[in-house]
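One letter stands for each residue in the lines below.
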Amino acid sequence: MNYEQTLARLCALYGPSGFETHVTRAVAELLRPLVDEVHTTRLGSVVGVRRCGRENAPRLLLDAHLDEIGFIVTGHDEGFLRFAPLGGVDPRMLPDREVVILTDPPIHGVVACLPPHVQTAEDMDKSLPVKDLYIDVGLSREEAEKRIPVGTPAAYRGGCAPLGEDLLSGKALDDRCGFAVLLDVLERLKGKELPVDLYVLGSTQEETHSTGAITAAYEIAPRLCVAVDVTHGDSPDASKHETFKLGGGPVIGVGPNCARSLSGRLKELAKELDMPIQIEVMSGSSGTNAWPIQVSREGVATAVVSIPERYMHTPVEVVHRKDLEDTAKLLAAFVESLGEGEETC
């Protein structure tokens with residue numbers, strides 16, 4: 001898997017939560033050569049199925065979400081746009097930030113800000129709430145109202161590019177880097193006999209309510225699931241007890257959202273592969289799609305595997321190439337290791 005190339009393609013696409021169509025179309029094309037069938041659910045999630053050929057085989061679901069945080073236009077004010085967040089937007093990130101308004105064709109905009117020369121000392125020490133911010137699209141009131149209706153989505157402008165030798169940085173790596181890992185898993189399993197029917201899900205709307213994963217899991221009815229997402233990576237100003245080292249290996253979740261047998265199997269496989277891993281204690285909700293998937297239908301034995309990521313929910317998220325590769329290697333070994341009728345809780 002060429003992660004730099006794949007993520008440059010995926011992260012250049014705009015797909016805020018609820019408006020993922022351009023991303024899901026690209027993902028479906030990437031999946032087709034690697035699976036037996038591809039379909040899209042009613043809520044827009046993309047499902048790729050690799051069948052093992054055995055009747056009534058157990059179903060394993062690997063999930064990574066495709067949406068990104070973004071914005072939605074709520075009104076107009078003399079050519080400027082009022083907006084609301086889609087997902088967990090940090091208002092500190094917004095002043096002077098470039099955005100793309102997802103009209104056809106897209107329109108470039110910038111979040112309005114006061115230059116420091118005209119701010120008071122009090123203004124400079126506080127962040128403005130989203131309701132007090134505006135997007136400047138350089139249009140008159142009439143043109144803005146005509147070309148950008150209320151309800152139009154927007155997203156941070158950007159893509160993904162190398163940062164030094166080992167890192168990749170860009171927008172929407174949460175969680176398109178997770179989906180790139182799932183593509184890598186499929187490549188590693190190509191031509192191999194599988195013990196399960198493997199379902200790979202690129203889910204929608206995780207950043208707002210996980211509704212894409214909730215409905216897809218109900219449709220698929222898997223016995224097992226691994227949710228692949230990002231977790232907080234180390235940085236100089238972050239707590240060392242609440243973050244994970246970039247390049248330190250995949251992060252395996254443990255807690256009530258994680259089936260003990262699956263977390264244990266992942267840890268054992270990492271040891272066999274001589275692969276470094278990190279452990280994240282999740283005392284309640286994991287904050288991932290694993291939380292609702294676990295209680296789909298009569299219940300799904302679920303694990304959480306995370307990729308350390310710096311600067312989550314910003315346009316400059318950062319991940320380590322080796323963590324992506326090791327996560328794919330671990331998950332491919334996990335798929336091959338599954339047997340019939342084993343304990344899953």
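What you are looking at is a predicted structure, and each value in this text was computed from that prediction instead of being measured.

Peer 1: Would you explain the nonpolar core in this entry?
Peer 2: General note: in soluble globular proteins, nonpolar side chains tend to be found buried as a group. Ranked by size, the top nonpolar core spans 59 residues in total, and within it L7, L31, L60, F179, L198 and L324 carry the most contacts. Residue contributions to this core peak at 9 residues, all from helix α5 (residues 173–188). Discounting chain neighbours no more than four positions away, the residues touching F179 are V27, L31, A64, L66, V200, L201 and G202. Core analysis: the next-biggest nonpolar cluster, separate from the first, contains 20 residues, F83, V99, I101 and I107 among them.

Peer 1: Would you mind going over the pattern of salt bridges with me for this structure?
Peer 2: Once their charged atoms are close, side chains differing in charge can pair, the charge on each being opposite to the other. The full count for this structure, using the stated rule, is 15 salt bridges. K171 serves as the salt-bridge partner of E68, at 3.1 Å between the closest nitrogen and oxygen. Remark: K171 occurs in the loop between β11 (167–170) and α5 and E68 occurs in the loop between β3 (59–65) and β4 (70–77); sequence separation between them is 103 residues. For the pair E68 and K171, one class covers both residues: buried. In this structure, R310 engages D234 in a salt bridge whose closest nitrogen and oxygen atoms are separated by 3.4 Å. Taken as a pair, R310 in the loop between β16 (301–309) and β17 (317–320) and D234 in the loop between β13 (224–232) and β14 (251–254) lie far apart in primary sequence, 76 residues in all. The exposure class assigned to D234 is partly exposed, which follows from its relative accessible area of 22%. The network of salt bridges with common partners includes E37, R51 and D197.

Peer 1: Sorry, what's going on with unusual backbone geometry here?
Peer 2: Glycine aside, residues mostly have negative phi angles, and peptide bonds mostly take the trans form. Residue P105 is reached from D104 by a cis peptide bond, and omega for that bond is 0°. A cis geometry characterises the amide bond from D174 onward to D175, with omega recorded as 10°. Along the chain, D175 falls in helix α5. Phi at A172 is positive, roughly 65°, even though this residue is not glycine. A positive phi is found at Q205, a non-glycine position, where the angle reads about 60°.

Calculation rules
Chains are numbered independently. Their residues run from 1 in the order of the written sequence. In keeping with the predicted nature of the model, local features appear solely for residues at pLDDT of at least 70, side-chain atom pairs appear and are counted solely at 80 or more, and the whole-chain, interface and lining totals rest on all residues. Where side-chain values are given, they derive from all heavy atoms of the structure, hydrogens and water being excluded. Within this scheme, the nonpolar core is defined by two criteria: the residues are buried Ala, Val, Leu, Ile, Met, Phe, Trp, Tyr or Cys, and they are joined through side-chain atoms within 4.5 Å. Note on exposure labels: buried denotes an accessible area under 20% of the residue type's maximum, exposed denotes more than 50%, and partly exposed covers the range between, all computed with a 1.4 Å probe on protein chains only. Only DSSP runs of H or I reaching four residues or more are called helices, and only runs of E reaching two or more are called strands; each is numbered from the N terminus. Residues count as neighbours in contact if any of their non-hydrogen atoms are within 4.5 Å of one another. The salt bridge criterion pairs a side-chain nitrogen of Lys or Arg with a carboxyl oxygen of Asp or Glu, the two atoms within 4 Å.

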